[in-house]
Amino acid sequence: MAKQQQFYVLLGNLMSPDNAVRKQSEEAYDTIPGQNKITFLLQAVRDASAAEEVKQMAAVLLRRLLSSSFEEIYPGLTLEMQAAIKTDLLTIIQQEASPNIRRKVCDIAAELSRNLIDDDGNNQWPELLKFLFESVNSDNVNLREAALHIFWNFPGIFGNQQQHYIEVIKMMLVQCMQDLAHPQIRTLAARAAASFVLSNEGNPALLKHFADLLPGILQAVNESCYQGDDSVLKSLVEIADTAPKYLRPNLEATLQLCLKLCADTHLTNMQRQLALEVIVTLSETAAAMLRKHTAIVAQSVPQMLTMMVDLEDDEDWAMADELEDDDFDSNAVAGESALDRIACGLGGKIILPMIKQHITQMLHNLDWKYRHAGLMALSAIGEGCHQQMEAILQEIVNCVLEYCADSHPRVRYAACNAIGQMATDFAPTFQKKFHSKVISALLQTMMDKTHPRVQAHAAAALINFTEDCPKALLVPYLDNLVEHLHVIMVDKLQELIQKGTKLVLEQVVTSIASVADTAEERFVPFYDRFMPSLKHIVENAVQKELRLLRGKTIECISLIGLAVGKEKFMPDASAVMQLLLKTQTDFNDLEDDDPQISYMISAWARMCKILGKEFQQYLPVVMGPLMKTASIKPEVALLDTQDMENISEDDGWEFVNLGDQQSFGIKTAGLEEKATACQMLVCYAKELKEGFVEYTEQVVKLMVPLLKFYFHDGVRVAAAESMPLLLECARVRGPDYLTQMWLFMCDALIKAIGTEPDSDVLSEIMHSFAKCVELMGDGCLNNEHFEELGGILKAKLEEHFKNQELRQAKRQDEDYDEQVEETLQDEDENDVYILTKVSDVLHSVLSSYREKVLPWFEQLLQLIVQLICPNRPWADRQWGLCIFDDVVEHCSPASFKYAELFLQPLGQSLGDPSPEVRQAAAYGVGVMAQYGGDSYRAFCSEAIPLLFRVIQASDSRSKENINATENCISAVGKVMRFRPECVNVSEVLPHWISWLPLNEDKEEAAHTFDFLCDLIESNNPIVLGPDNSYLPKIFAIIADGVANESLKGEDACSKRLANVIRQVQVSVGLWTQCVSTLNETQQKAIQDLLTA
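Cut-off values and rules
- Residues numbered from 1 in each chain as written.
- Predicted model: local features only at pLDDT ≥ 70, side-chain atom pairs only at ≥ 80, totals over all residues.
- Heavy atoms only, no water.
- Phe/Tyr/Trp six-rings, centres within 6.5 Å; stacked < 30°, edge-to-face > 60°.
- Buried < 20%, exposed > 50% of the residue type's maximum accessible area, 1.4 Å probe, protein only.
- Helix = DSSP H or I, 4+ residues; strand = E, 2+ residues; numbered from the N terminus.
- Expected span 1.5 Å × (residues − 1).
- Salt bridge = Lys/Arg side-chain N within 4 Å of Asp/Glu carboxyl O.
- Axes fitted to C-alpha atoms, helices over the stretch in contact; angles between N-to-C directions.
- Parallel < 35°, antiparallel > 145°, perpendicular 65-115°, else oblique.
- Left-handed = near helix turned anticlockwise from the far one by under 90°.
- Contact = heavy atoms within 4.5 Å.
- Nonpolar A, V, L, I, M, F, W, Y, C, P; charged D, E, K, R; others polar.

Visitor: A description of the packing of aromatic side chains should follow, citing residues and the corresponding values.
Guide: To describe a pair of aromatic rings, you give the distance between the ring centres and the angle between the ring planes. Across all of its chains, the model carries 28 aromatic pairs by this definition. Taking 5.7 Å as the distance between ring centres and 35 degrees as the angle between the ring planes, the aromatic pair formed by Phe692 and Tyr695 counts as tilted. Comparing Phe692 with Tyr695 shows no difference in burial state: the two are buried. Geometrically, the ring pair formed by Phe1035 and Trp1071 is edge-to-face, given 5.9 Å between the ring centres and 75 degrees between the ring planes. Separated by 36 residues along the polypeptide, Phe1035 in helix 51 (residues 1031-1043) and Trp1071 in helix 53 (residues 1068-1076) bring together distant segments of the chain.

Visitor: Please set out helix 47 (residues 962-978) residue by residue, giving values where relevant.
Guide: One full turn of an α-helix is made of 3.6 residues, so residues set three or four places apart face in the same direction. Counted at 1.5 Å a residue, the expected span for helix 47 with its 17 residues is 24 Å, and the 24 Å between its end C-alpha atoms agrees. Burial analysis of helix 47 places 14 of its 17 residues in the buried class, which makes it a mostly covered element.

Visitor: Lay out the pattern of salt bridges in plain terms, naming residues and giving numbers.
Guide: A complete count under the given rule lists 54 salt bridges for this structure. The partner of Arg412 in a salt bridge is Asp448, and the shortest N-O contact between them spans 2.9 Å. Of this pair, Arg412 sits in helix 23 (residues 409-425) while Asp448 sits in the loop between helix 24 (429-446) and helix 25 (452-467), placing them 36 residues apart in sequence. With a shortest N-O distance of 3.1 Å, Lys492 and Glu495 are connected by a salt bridge. One end of the pair, Lys492, and the other, Glu495, are both in helix 27 (residues 478-499), 3 residues apart, so they sit about a helical turn from each other. Under the relative-accessibility criterion, Lys492 is labelled buried at 3%. Among the charged side chains, a network of salt bridges with common partners joins Arg977, Asp1010, Asp1014, Glu1017 and Arg1056.

Visitor: Outline the packing of helix 14 (residues 251-263) against helix 17 (residues 294-308), listing residues and values.
Guide: Orientation of helix 14 relative to helix 17, taken along the N-to-C sense of each, is 20 degrees, at an axis distance of 10 Å. Classified by the interaxial angle, the pair formed by helix 14 and helix 17 is roughly parallel. Where helix 14 crosses over helix 17, the two elements pack in a sense that is left-handed. Between helix 14 and helix 17, the residues in contact are Glu252, Leu255, Gln256, Leu259, Cys262 and Ala263 and Ile296, Gln299, Ser300, Gln303 and Met307, respectively. Tallied by class, the residues present in the contact of helix 14 with helix 17 amount to 6 nonpolar, 4 polar and 1 charged.

Visitor: Any details on the environment of Leu806? Residues and values, ideally.
Guide: Inspection of the secondary structure assignment puts Leu806 in helix 40 (residues 783-810). The exposure class of Leu806 is partly exposed, given its relative accessible area of 44%. Residues Leu806 and Ile463 lie 343 residues apart in sequence; the distance between their C-alpha atoms is 43 Å.

Visitor: Help me get a handle on the side chain of Ser25, residues and values and all.
Guide: Looking at the element boundaries, Ser25 is found in helix 2 (residues 19-31). We classify Ser25 as buried; its relative accessible area is 6%.

Laid out in structure tokens, this is it:
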């Protein structure tokens, strides 16, 4: 008993407001063995004499204990003890007078039951099921409530008996939802029904069977909202998110209810926003279904706009020097976000016509709030209505620019916001069409000294504009831009010194950086105007409130340095490095959330790009903090619905609902900085190569585990990118060190290809793996690696075919429309991109291992043959042929054993309507001639007329066909060069010469010039003509090749051609004849070739 009393004291202390007392009690609680904890906690919950908050705390802790440590504790209890716990819990539920404690004990029972369902789906607590049936039919309202609460908390409680009891479950829910005497039972039954639907979202037949419960759920949503309870409404949001098809039979009623609630200003903002959330979520999860109800969507748009007008009049708003974060609970932010999402979900074809009229009216309203909301709405819909707005962009931009001179500062702010957003959404069209008007309006607005927030936002919009502005467009405005930016910077520096205000200065420094970044070397004349002031800021802005300004100035200096180049920057480089180093040595004193950290890390990487190898000396100082930031471990937690209620997303937590009343939470602070730091490590490895070798070991040990860092895509991408670069750095340490490093990363890379969930990241990982294999070459993969890789590639190809089937099925769906088709095409492109990476991986393996890898390759053979079947989409055929091209190129003559599988499709593909397929087929003919061996002779002969047909087609040189045509020309050349016995050379060669040079495909151009060299050096009469009369034509071909950069001065072929030209120079007459026919560009190209 004494121990139990001590335990009560401990529970009291766990709730203490004093941090030290609480911490000490938590430590003491953690030392109690699990089985004892259960006994103490259960006793506390059962004890009628204990204080309510103590009992409540004990109940919460007992539920958490069962949730987090069930496997460690419960199976070790005696059977008697296990039985006693079950009995006690049911007894407490029946006898406990406090509704609050009773609910908490129901949560414990649900948690225990969740853990007592075995692998076969048997619930090993049958007494609880019996209790549920009895309670739900009881006259005692408390017991009915308890039964529903347990079922709501754990709807899977019936395990493998669910189908058996399905009618009983349905009856129970219907009955309770019709309990006229007890509103709380109706509400709880509706939540339980929603919970059951959500837990069976993958079972369409069950959802259909339970469709007639939805009207009851909707009624409960309506009733409970007016009782101040939004729990059923939240359940409806979850259904819209997870099981939207369940709403289909009553979609009209669902939408009407949500519209009514959203419009009712008597409800709380939160309830109105949740009602809107149902509609918006459906636009994302069931867009095609919602598009059939456009009348209701059209009614929801004004609701969003009305919310956006819900702003407060704040006289000081435009004078503020601190940017407070948006109030994410406000109607204005919720309305804007909803508009953005519904435009992206349903598409501009539907949303723009609905909203255009409203926005026009709002912009002409005398109340500033309406004008502000109209402009913010334009910003919000840009991404979703991209195509439709692009068509009327002129009209929109002219309209928005007027409001840069509006009488109200917040409207001017919103106009800048719209310009900045459009500059991003419609780049570079926006910049190309409206540069003059936009730059002039923004510079005008930036001179608004009396309203710093407007001034700062105009500078921010200028950043958006210049980031995506083509350099040639910006250069004519440089003088004017620089003049304005310099005036403002000097002015604001004075203000900082006199008044301590900094908001505008922070933005202007970034605007200067952005202009320099785009202008590049054209910024050199303005360098001296800015650099002294910028260095001054970094030296003197050391107070805590100036950290962001200092960070942005460090970024600005490094971007200007990168823009103007090493020569101009060098005199300042040393001083800048010292400033950075000084900050770096104070780095250990910086707080973890100091904004300077990420700016510093990026600045170092830019300095590395500017200084190149000279940067190596700074690595010892830079690497410590960089590794520390790259090693940040985020705070994570597994929480159930009960705990979730105490944590809000505003605290920097983000949650993913895992279903089954559980959520995974992650604290996002530091994640962006970690991703930046990882990206910078990639930059160092790339820039410094062997100069980075000292750090390769610690970096590879950091990066390999990060391939599984699922909290941030950017971190995994950087980890993948770093692998081949680190191997290149490590080369200087010799083959043993290199092999060790490769073995450390190889397993993880292969596994990551198999498990990566995001297709963009997956393509990076596959690309990196392929580069590593090419770098390491023959022998880098052992049998286990091959076995695992083969299984994964097979699975990727099978998934590719399965996804195509699923897309075909979606085209038969009742909700199929043209927007769905757009989505399906996007998915298809994604899939094809992964297929290209499968091809990359196979290329790396085939080119490294050659014919000895063919037995392994054969497990994929049938799938690759499937890719080149005539009925497959063109991209499948293209990449299937590319893989066979690789087999021929790297595994011949052994490759001929597969000839019957691919030769006929390859021959037919030379006449394919798709140029990409023709290109892959033509390349195949070329490699057969060059590498295939004698077995392919007959096919090479048959291919020549087919290649001729492609080359001589009337549109063969059009933009979409040119690459395929050039591959055909190259293939004809390769057959003549490597298999002259397969072709009548004297007949074909004149044609071939007339088709040269190749301008688009640089790789194939190199092959053709190589062959041309052979022909000229051997004095081939067909090429040179009688008395060298064809030489002027040859000169023109060579000159065009140089001008188009198909010939590079440093390669062997260029040197051979230069020799040919020098030999002609000796004969003055012939030289004059050759050069006189060339135009100015061609003559310059010949000179360049001779002087290279």
